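Architecture at a glance
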Amino acid sequence: MILLQSLLFCAGIAALYFGAEWLVKGASRFAYFLNIKPIIIGLTIIAFGTSAPELVTGIISGIRNLNDIAIGNVIGSNIANVGLVLGVTAIILPLKVEMNLLRREIPIIIGISGLLYLMCRNGILSRWEGGLLVVGIVVYTCYISRSAKKESKVIEEEFADFISKKNTLSLDILFMFIGLTTLIGGAHLLVNSAIYLARNFGISELVVGLSVVAVGTSLPELAISTVAAFRKESDICVGNVLGSNIYNILAVLGITAIIHPLQINTSSLQFDMPVMIVFSLLLIPMIMRKFILTRWEGVFLLVGYIFYMIAIYKKCIF
């Protein structure tokens, strides 16, 4: 039974990855067909699409009252996006940020991470707080859509080159439908098998959400950022991560809390959320100093993430 559940868990992660990839491809091409600027597609549709695994997993977990999986998935994904995704991509290619908008997104991430912490201090993320977060994502999307138009043609061309423009309209819609269906099925497999394995091995659901589930739902961000790094498109690497982290908090937790208020584990409040904020703060001296993330800083982020993983599993053992 453990072997079967392990295989189902891997199948769930694979389904989330491919579902997100198909959804992003279909949605980005469809948006391009509607004459939406590539840079706006990259900063909104692709960022939101790579957060789709977290969203579907969060909704399913929230409905089933699996609060630790829902909240742990978002916190763990945000930590993984900075420590693992940015760490790995910076090791592949030092990330030089040219886009002015991305430099302004770092304070936004720090601000909403702090806001989430304050909202959760009473032990619950309520429906009205979820509604406030959703309002925030609408405001943020409008803001970047307007600000992106002021970026240079070089940045615009970078995003245009990254977005595939092939396929017909009907095929794009089919990609979106198949991607969404695969995401839902994958999230069900992932949640069910994760709960079984956690209980069987005596690991808390929070730790499972913060680690293996979070890494699994962060695979789309890792894939897109890695491809962008090899293609020397640093702004896409960084923009994908920053945008995804903002969508994770505002959209994923916001929508999940509206559907079902989330009970917050004390451990999350005392340790995991502060770690998420610290990882966001690490981007200030690294990127804002010279607007570049070096290989050594990438190693530092990756090592920091590994130590975080060790720390949360040590708490389970001891």
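Residues numbered from 1 in each chain as written. Predicted model: local features only at pLDDT ≥ 70, side-chain atom pairs only at ≥ 80, totals over all residues. Heavy atoms only, no water.

**Observations regarding the overall build of the protein chain**
Along the protein chain, the regular secondary structure elements total 14 helices and four strands. For the protein chain, with 318 residues in total, the buried portion stands at 55%. Sequence separation of at least 24 residues holds for 88% of the intrachain contacts in the protein chain that already meet a minimum separation of 6. Of the roughly 13300 Å² of accessible surface on the protein chain, a fraction of 71% belongs to carbon and sulfur atoms. (Helix = DSSP H or I, 4+ residues; strand = E, 2+ residues; numbered from the N terminus. Buried < 20%, exposed > 50% of the residue type's maximum accessible area, 1.4 Å probe, protein only. Contact = heavy atoms within 4.5 Å. Areas by Shrake-Rupley, 256 points an atom, 1.4 Å probe, with all protein chains shown as cover.)

**What to know about the UniProt feature "transmembrane region" (unreviewed entry) in the protein chain**
Mapped onto the present numbering, the UniProt feature "transmembrane region" (unreviewed entry) falls at residues 6-24, 69-94, 130-148, 169-191, 203-224, 236-259, 271-288 and 295-313. With 92% helix and 0% strand, residues 69-94 has end C-alpha atoms that lie 33 Å from one another. Taken end to end, residues 295-313 comprises 100% helix and 0% strand; its first and last C-alpha atoms sit 27 Å apart. (UniProt positions renumbered as here; feature names shortened; annotations may be inferred.)

**Thoughts on helix α10 (residues 219-230)**
Relative to the 16 Å expected for 12 residues at 1.5 Å per residue, α10 spans 16 Å between its end C-alpha atoms, a close match to the ideal helical length. Buried within α10 we find Pro-220, Glu-221, Ile-224, Ser-225, Thr-226, Ala-228 and Ala-229. The positive-phi residue at the C-terminal boundary of α10 is Lys-232, with phi of around 60°. (Expected span 1.5 Å × (residues − 1).)

**Details of unusual backbone geometry**
The phi dihedral of Asn-65 is positive, around 65°, even though this residue is not glycine. Take Asn-65: it is sitting in the loop between α3 (52-63) and α4 (67-92). In this structure Asn-65 comes out as partly exposed when scored by relative accessible area, which is 46%.

**Thoughts on the packing of helix α1 (residues 2-33) against α10**
Between α1 and α10, the shortest axis-to-axis distance is 9 Å and the interhelical angle comes to 50°. By the angle class used here, α1 and α10 are oblique. Read as a crossing pair, α1 and α10 show a hand that is right-handed. Where α1 approaches α10, its residues Ile-13, Tyr-17 and Ala-20 are matched on the opposing element by Leu-219, Pro-220 and Ala-223. For the contact of α1 with α10, the residue count by class is six nonpolar, no polar and no charged. (Axes fitted to C-alpha atoms, helices over the stretch in contact; angles between N-to-C directions. Parallel < 35°, antiparallel > 145°, perpendicular 65-115°, else oblique. Left-handed = near helix turned anticlockwise from the far one by under 90°. Nonpolar A, V, L, I, M, F, W, Y, C, P; charged D, E, K, R; others polar.)

**Re the nonpolar core**
Counting residues in each nonpolar core, the largest one holds 63 residues, and the members touching the most others are Ile-79, Leu-86, Leu-116, Leu-125, Leu-253 and Met-273. Not counting chain neighbours up to four residues away, the residues in contact with Leu-253 comprise Ala-70, Ile-71, Val-74, Leu-116, Leu-125, Leu-133, Asn-248 and Leu-262. (Core = buried A, V, L, I, M, F, W, Y, C linked by side-chain atoms within 4.5 Å.)

**Some thoughts on the packing of aromatic side chains**
In total, this model carries three aromatic pairs according to the counting rule given. Taking 5.9 Å as the distance between ring centres and 80° as the angle between the ring planes, the aromatic pair formed by Tyr-140 and Tyr-247 counts as edge-to-face. One end of the pair, Tyr-140, is in helix α6 (residues 127-148); the other, Tyr-247, is in helix α11 (residues 234-259), with 107 residues separating them in the sequence. On the basis of relative accessibility, which here comes to 4%, the residue Tyr-247 falls in the buried class. (Phe/Tyr/Trp six-rings, centres within 6.5 Å; stacked < 30°, edge-to-face > 60°.)

**Considerations on the layout of surface pockets**
The calculated volume of the second largest pocket comes to roughly 170 Å³. In this structure, the second largest pocket is lined by Leu-23, Ala-27, Thr-44, Ile-45, Phe-48, Gly-49, Ala-52, Leu-55, Val-56, Ile-59, Leu-180 and Leu-183. Of all the elements in the fold, those that place two or more residues in the lining of the second largest pocket are α1, α2 (38-50), α3 and α8 (169-201). Looking at the lining of the second largest pocket residue by residue, the classes come out as 10 nonpolar, two polar and no charged. (1 Å grid on protein atoms, 1.4 Å probe; cavity = no way out; pocket = protein on both sides within 12 Å on 5 of 7 lines; lining within 4 Å. Points joined across faces, edges and corners; volume = space filled by probe spheres on them.)

**Topic: helix α9 (residues 205-217)**
For α9, built from 13 residues, the straight-helix expectation of 18 Å at 1.5 Å per residue is missed by more than 12%, its first-to-last C-alpha distance being only 16 Å. Counting buried positions along α9 yields 11 of 13 residues, so the element is predominantly enclosed. Within α9, the full set of buried residues consists of Glu-205, Leu-206, Val-207, Val-208, Gly-209, Leu-210, Ser-211, Val-213, Ala-214, Gly-216 and Thr-217.

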